[in-house]
Amino acid sequence: MKKESIELKIKRIQEQLMKIKTMRPGSLSKQYNVCGVQQCRCKDLHDPKKHGPYWKLGYVLQGKTKNQFIRPQFVKQIENELSEYKKFKGLTQDWILLEIERSNLQMQSAIEENQKE
């Protein structure tokens, strides 16, 4: 790939990154729980009906695992933030790969220049 093409792709990635507003890492899961009340419907031997769903967000930040319960009215917001984070991660990964390729081209170009002398 040519240097100009790489630079154009990097510029497009940077423009897309600037459009990302709210994001967060992690994954959202739905859980159903059993309570401690002996006569509760969740402990029925023939047709147990667990409590829930409860939404749980899990992520790792600065090397530490975090978990947070999310109220149902915020699930859509969190899903959007998770989606934006995935987009961010994908774009930055693409940018890094392009930068590596650009660096390799610069080194190859310098080697070729030195060989001409």
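Residues numbered from 1 in each chain as written. Predicted model: local features only at pLDDT ≥ 70, side-chain atom pairs only at ≥ 80, totals over all residues. Heavy atoms only, no water.

Asks: Is there a simple way to think about the sheet that holds strand 2 (residues 51–61) in this case?
Replies: Sheet strands pair via backbone hydrogen bonds, and the direction of the pair is either parallel or antiparallel. The three strands lie next to each other as 1-2-3, forming an open sheet whose pairing is antiparallel. Each having just a single partner strand, strand 1 (27–33) and strand 3 (64–70) make up the two edges of the open sheet. Taken over all neighbouring pairs, the strand axes of this sheet differ in orientation by 30 degrees on average, direction set aside. For strand 1 and strand 2, the ladder comprises six bridges, and the chain directions are antiparallel. Within the sheet, the bridge partner assigned to S29 lies in strand 2 and is K56. (Pairing = 2+ DSSP bridges. Helix = DSSP H or I, 4+ residues; strand = E, 2+ residues; numbered from the N terminus. Axes fitted to C-alpha atoms, helices over the stretch in contact; angles between N-to-C directions.)

Asks: Explain helix 2 (residues 75–116) here, please?
Replies: Helical geometry: 3.6 residues make up each α-helical turn, so side chains three or four residues apart lie on a common side. End to end, helix 2 covers 62 Å across 42 residues, agreeing with the expected 62 Å (1.5 Å per residue, within 8%). Every buried residue of helix 2 is listed here: V75, I78, E81, L82, E84, L91, L98 and R102. Residues of helix 2 that are buried in the fold lie against helix 1 (3–18), strand 1, strand 2 and strand 3. (Expected span 1.5 Å × (residues − 1). Buried < 20%, exposed > 50% of the residue type's maximum accessible area, 1.4 Å probe, protein only. Contact = heavy atoms within 4.5 Å.)

Asks: I keep staring at the packing of helix 1 against helix 2 and nothing clicks. Help me out?
Replies: For any two helices packed against each other, the geometry is given by the interaxial angle and the distance between the axes. Relative to each other, helix 1 and helix 2 sit at 160 degrees, their axes nearing to 10 Å. Regarding the angle of helix 1 to helix 2, the classification is roughly antiparallel. When you trace helix 1 past helix 2, the crossing you get is left-handed. Within the contact between the two elements, helix 1 uses K3, I6, E7, K9, I10, I13, Q14, Q16 and L17 and helix 2 uses F88, L91, T92, D94, W95, L98, E99, E101, R102, L105 and Q106. Partitioned by chemical class, the residues of the contact of helix 1 with helix 2 number nine nonpolar, four polar and seven charged. (Parallel < 35°, antiparallel > 145°, perpendicular 65-115°, else oblique. Left-handed = near helix turned anticlockwise from the far one by under 90°. Nonpolar A, V, L, I, M, F, W, Y, C, P; charged D, E, K, R; others polar.)

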